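Overview (structure and organization)
The lines below spell out each chain.
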Amino acid sequence: MKALHFGAGNIGKGFIGNLLRKTGYEVCFVDVNQEMIDRINRRNSYSVELLDENHTVETIFSVSALNSIIQEKRVIEAIVSADIITTSVGVANLSKISKVLAKGLLERIAQNEKKIDVIANENAINASSTLKKEVEKIVSSKELAQINSLVGFPNSAIDRLALSKKGTEGDIALVEPFFEWVINKSEMVNFDLPLISGATYVEDLRPYIERKLYIVNMGHATTAYLAFLLGEPTIQKALRNQNVERIVRSAMVEASQYIIRTYRSDSEKMTEFIEKTLKRFKNSNISDDILRVGRSPIRKLSYEERLVKPARELFKLGLPVENLAASIAAGYLFDSPEDEESITLQGYIRSNGIDKAISHFSSIENVKLKVMIKKYYDKMKNGHIVNC
Ligand SMILES: NC(=O)C1=CN([C@@H]2O[C@H](COP(=O)(O)OP(=O)(O)OC[C@H]3O[C@@H](n4cnc5c(N)ncnc54)[C@H](O)[C@@H]3O)[C@@H](O)[C@H]2O)C=CC1
Ligand SMILES: O=P(O)(O)OC[C@H]1O[C@](O)(CO)[C@@H](O)[C@@H]1O
């Protein structure tokens, strides 16, 4: 069995590629980072270190890699012969892989009528559907009908803290022991393959992806933005500060009300989920850079995303959102010169002010919610985090 995976980054190698190999797939990665591609091909393997007390290092064999730009023909051939296609390139990069994917799928359809699922594993609601929409922009309506009959784009939710460190033979993928890969079975078209080892298949993905994005990712991003204000370099160091931990926990509790009300989730189980997630964030075997976790603040502050969606929905219901408002405010204060989105965001605020920025990037028009966010922005802009 052959799997083609776009994105040989932290999640690609540490999580998705790893589970695909354990299921028995040969994995071919597609990336744009030539150094990474060469490293994988030199060894036909890579290393994954488990972030527990033992720091066990595992070698993942039977892998190869291609460059999606300079080896397009070979990527198309790999799409033709793949049994499953997966991605973890970052949601903003899905539009960059859609062209080669569309070409490959059409070539595959011309050569055989085998069904295939394409699963985009990104921190976003319905990332596979987003990828499909990108493919739709490129193909004709006749080609789209062919794709629709043979290709599934099941959505998924992925949860595993994955980072990397430099080793003597290149990057080592670092992953926490916990993982959750949830796949929407009702959107799959190919049922002839073994279930992916360790993945969970569900009929309705929404409760899983919303819980992941609005509680786990929201809490992690909030920690990173508060840490930035305090000058703390890692998530673990920031969470030693009781003020930070309290605001993060409170924001997660606020956001959990959205999940509890939308999906009638059990509130005790939700409390357990929040505590377990905080424990994962604090994992002392990880040293997680806040600039990695806070990356791409414009994406994270957008209307449907982790910080703004729960705040908007709860505010509409008259439920507490003070801590979520503080999280959004902290996001607007994330000023990392290494991050293009952060540079754009801060440039916009300097030219137009925070009020306009909240409308422009988060599309929040509710005056009372905006005032609340602005209140925390003003209180925190001198580097002090506040009691909400
Ligand atoms: N790292 C984490 O802990 C988690 C990340 N995620 C999600 O997984 C996705 C990947 O994240 P990471 O692995 O952390 O990022 P990463 O930056 O480590 O990996 C992304 C990889 O995609 C490659 N890439 C970018 N553009 C490409 C293109 N046009 N064609 C082929 N490859 C391309 C990059 O070169 C890089 O190797 C993101 O959507 C992220 O939100 C989800 C859960 C956890
Ligand atoms: O691309 P994004 O959304 O920043 O995703 C990466 C983040 O998501 C997380 O997995 C949280 O689930 C973090 O480990 C990581 O910082």
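Just so it is clear, the model here is predicted, and its values are computed rather than measured. All residue numbers here refer to positions counted from 1 along the written sequence of the relevant chain. Following the order in which they are written, the chains are lettered starting with A and the ligands numbered starting with 1. In view of the model being predicted, local features appear only for residues whose pLDDT reaches at least 70, and side-chain atom pairs are presented and counted only at 80 or more, with totals across whole chains, interfaces and linings using the full set of residues.

1. Quick look at the site of ligand 2
Only the C-beta atom matters for nearness: placed from the backbone, it must lie within 6 Å of the molecule or strand for the residue to count as near. Ligand 2 sits among G90, N123, D159, L161, V216, N217, H220, R292, V293 and R295. Starting at the N terminus, helices and strands are each numbered in turn, a helix being any DSSP run of H or I of at least four residues and a strand any DSSP run of E of at least two. Of all the secondary structure elements, the ones that give two or more residues to the shell around ligand 2 are helix 7 (206–230) and helix 11 (290–293). Per element, the largest residue contribution to the shell around ligand 2 is three residues, and it comes from helix 7. Residues were grouped as follows: Ala, Val, Leu, Ile, Met, Phe, Trp, Tyr, Cys and Pro as nonpolar; Asp, Glu, Lys and Arg as charged; and all remaining residues, including Gly, as polar. Across the shell around ligand 2, the residue classes break down as three nonpolar, four polar and three charged. For the domains described, the bounds stem from an automatic or database domain assignment. Taken together, domain 1 (2–204) and domain 2 (207–380) each give at least three residues to the shell around ligand 2, which thus spans both.

2. Re the site of ligand 1
Close contacts around ligand 1 come from 25 residues, with G7, G9, I11, E122 and N123 the closest. For the shell around ligand 1, the secondary structure elements donating two or more residues are helix 1 (10–23), strand 2 (26–31) and helix 4 (94–111). With three residues, helix 1 is the single largest residue contributor to the shell around ligand 1. Taken together, the residues that form the shell around ligand 1 break down as 11 nonpolar, 10 polar and four charged.

3. Details of the UniProt feature "domain: Mannitol dehydrogenase N-terminal" (unreviewed entry) in the protein
UniProt positions are given in the numbering used here, feature names are shortened, and annotations may be inferred rather than shown by experiment. When the UniProt feature table is mapped onto this chain, "domain: Mannitol dehydrogenase N-terminal" (unreviewed entry) is found at residues 1–194. Taken end to end, residues 1–194 is 38% helix and 30% strand, and its two terminal C-alpha atoms sit 10 Å from one another.

4. Points about the pairing of strand 1 (residues 2–6)
Partly exposed residues are those whose C-beta has more than 12 but fewer than 20 other C-beta atoms within 10 Å; with 20 or more the residue is buried, with 12 or fewer it is exposed, and the C-beta atoms are placed from the backbone. In terms of residue burial, strand 1 counts as a mostly covered element, since four of its five residues are buried. The pairing of strand 1 with strand 2 spans five bridges and is classified as parallel. Considered in strand 2, the bridge of K2 is made with E26. By the criterion used throughout, a crossover qualifies as right-handed when its path from the first strand across the helix to the second strand runs clockwise, the strands pointing away from the viewer. The parallel pair strand 1 and strand 2 is bridged by helix 1, and the resulting crossover is right-handed. Here strand 1 runs beside strand 6 (residues 84–87); their pairing, made up of four bridges, is parallel. Within strand 6, the residue paired with A3 across the bridge is I84. Any two strands with at least two DSSP-identified bridges between them are counted as paired.

5. A word on helix 4
Expected span of a helix, by definition, is 1.5 Å for each gap between consecutive residues, and there is one gap fewer than residues. Under the 1.5 Å per step criterion, the end-to-end length of helix 4 is 25 Å for 18 residues, consistent within 8% with the ideal 26 Å. Of all the bends found along helix 4, the most pronounced is centred on V100 and spans about 30°. Burial in helix 4 covers these residues: L94, I97, S98, V100, L101, A102, G104, L105, L106 and R108. Bend is computed residue by residue as the angle between axes fitted to the seven residues ending at the residue and the seven residues starting at it.

6. Comments concerning the domain arrangement of the protein
What the domain assignment reports for the protein is domain 1 (2–204) and domain 2 (207–380). Look at where the C-alpha atoms of domain 1 and domain 2 centre, and you get two points 28 Å apart. C-beta atoms are first placed from the backbone for all residues, and any pair lying within 7 Å is then listed as a contact. Tallying the contact residues gives 16 residues for domain 1 and 15 residues for domain 2. Of the residues assigned to the side of domain 1 that touches domain 2, the class counts are nine nonpolar, two polar and five charged.

7. Some remarks on the packing of helix 4 against helix 5 (residues 127–138)
Interhelical geometry of helix 4 versus helix 5 gives an angle of 60° and a closest axis separation of 8 Å. Our classification of the angle between helix 4 and helix 5 gives oblique. Between helix 4 and helix 5 lies a crossing of right-handed hand. Taking contact as the criterion, the partners of L94, S95, S98, K99, L101 and A102 in helix 4 are, on helix 5, A127, T130, L131, E134, V135 and I138. Taken together, the residues of the contact of helix 4 with helix 5 sort by class into seven nonpolar, three polar and two charged. Note on definitions: angles span 0 to 180 degrees between N-to-C directions of axes, and those axes are lines fitted to C-alpha atoms, for helices only across the stretch in contact. The scheme is simple: roughly parallel for angles under 35 degrees, roughly antiparallel for over 145, roughly perpendicular for 65 to 115, oblique for anything else. Note on convention: the crossing is left-handed when the near helix lies turned anticlockwise from the far helix by less than a right angle, right-handed when the turn is clockwise.

8. A look at helix 5
Here helix 5 spans 17 Å end to end across 12 residues, near enough to the 16 Å set by a 1.5 Å rise per residue. Buried positions along helix 5 lie against strand 6, helix 4, strand 7 (116–120), helix 6 (141–150) and strand 9 (156–159).

9. Describing the nonpolar core
Considering soluble globular proteins, one finds that nonpolar side chains tend to be buried as a cluster. Any set of buried Ala, Val, Leu, Ile, Met, Phe, Trp, Tyr and Cys residues joined through C-beta atoms within 7 Å is what this text calls a nonpolar core. Counting 120 residues, the largest nonpolar core has L226, A311, A325, I328, A329 and I373 as its most contacted members. Each of domain 1 (2–204) and domain 2 (207–380) contributes no fewer than three residues to this core. Residue contacts for A311: discarding those within four places in its chain leaves V321, L324, A325, I328 and L369.

10. Looking at the UniProt feature "domain: Mannitol dehydrogenase C-terminal" (unreviewed entry) in the protein
UniProt annotation of "domain: Mannitol dehydrogenase C-terminal" (unreviewed entry) refers to residues 204–346 when read in the numbering used here. Helix and strand shares over residues 204–346 are 71% and 0% respectively, and the end C-alpha atoms of the span are 38 Å apart.

11. A few points about the sheet that holds strand 3 (residues 45–50)
Taken together, the four strands give an open sheet; going across it, the order is 4-3-11-10, and neighbouring strands pair in mixed fashion. Of all strands in the sheet, those bounded by a partner on one side alone are strand 4 (57–61) and strand 10 (162–167). Ignoring which end each strand starts from, the neighbouring axes of this sheet average 35° apart. As judged from the three bridges shared by strand 3 and strand 11 (residues 170–175), these two strands associate in the parallel manner. Bridge assignment links L50 to a residue of strand 11, and that residue is V175.

12. Quick word on the packing of helix 9 (residues 242–263) against helix 10 (residues 267–282)
Running from amino to carboxyl end, helix 9 crosses helix 10 at an angle of 140°, the nearest separation of the two axes being 10 Å. Between helix 9 and helix 10, the angle falls in the class oblique. Judged by the sense of rotation from one axis to the other, the crossing of helix 9 with helix 10 is right-handed. Facing helix 9, whose interface residues are R249, M252, V253, S256, I259 and I260, helix 10 presents S267, M270, I274 and L278. Partitioned by chemical class, the residues of the contact of helix 9 with helix 10 number seven nonpolar, two polar and one charged.

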